[in-house]
Amino acid sequence: MNLYVKLINQLFNEKGSQSLEWLGIAAVIVIIVGMISQVFGGDTAFGEAIKTKLVEMVKDIG
């Protein structure tokens with residue numbers, strides 16, 4: 001029984017997986033923002049609208 005418990009603990013050890021998930025989410029957000037800035041580089045109105053919405057979302061969270 002003791003060997004079984006050790007084996008199960010090794011198989012389902014998810015230590016640090018949450019930080020990797022957050023890192024992945026941050027990477028996706030950075031890529032999306034980079035793509036938007038490249039596509040709409042000359043159009044400042046669109047960029048300002050996105051910036052305003054992001055600032056509003058952050059204020060709502062906090």
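Residues numbered from 1 in each chain as written. Predicted model: local features only at pLDDT ≥ 70, side-chain atom pairs only at ≥ 80, totals over all residues. Heavy atoms only, no water.

Concerning the overall build of the protein chain
Now for step 1: When helices and strands are counted, the protein chain shows three helices and zero strands.
Now for step 2: Along the protein chain, from the amino end to the carboxyl end, the secondary structure elements read α-α-α. (Helix = DSSP H or I, 4+ residues; strand = E, 2+ residues; numbered from the N terminus.)

Considerations on the confidence of the model for the protein chain
For any part of a model where pLDDT is low, the fine detail of the predicted coordinates should not be relied upon.
Now for step 1: When pLDDT is averaged across the protein chain, the result is 76; 74% of the residues are at 70 or more.
Now for step 2: Highest mean pLDDT in the protein chain belongs to helix 2 (residues 17-39) (82); lowest belongs to helix 1 (residues 2-11) (70). (pLDDT = per-residue confidence, 0-100.)

A short note on the pattern of salt bridges
Now for step 1: All told, the structure shown has one salt bridge when counted by the stated rule.
Now for step 2: E56 serves as the salt-bridge partner of K53, at 3.8 Å between the closest nitrogen and oxygen. Separated by three residues within a single helix, K53 and E56 lie in helix 3 (residues 44-61), roughly one turn from each other.
Now for step 3: Owing to a relative accessible area of 52%, K53 belongs among the exposed residues under this scheme. (Salt bridge = Lys/Arg side-chain N within 4 Å of Asp/Glu carboxyl O. Buried < 20%, exposed > 50% of the residue type's maximum accessible area, 1.4 Å probe, protein only.)

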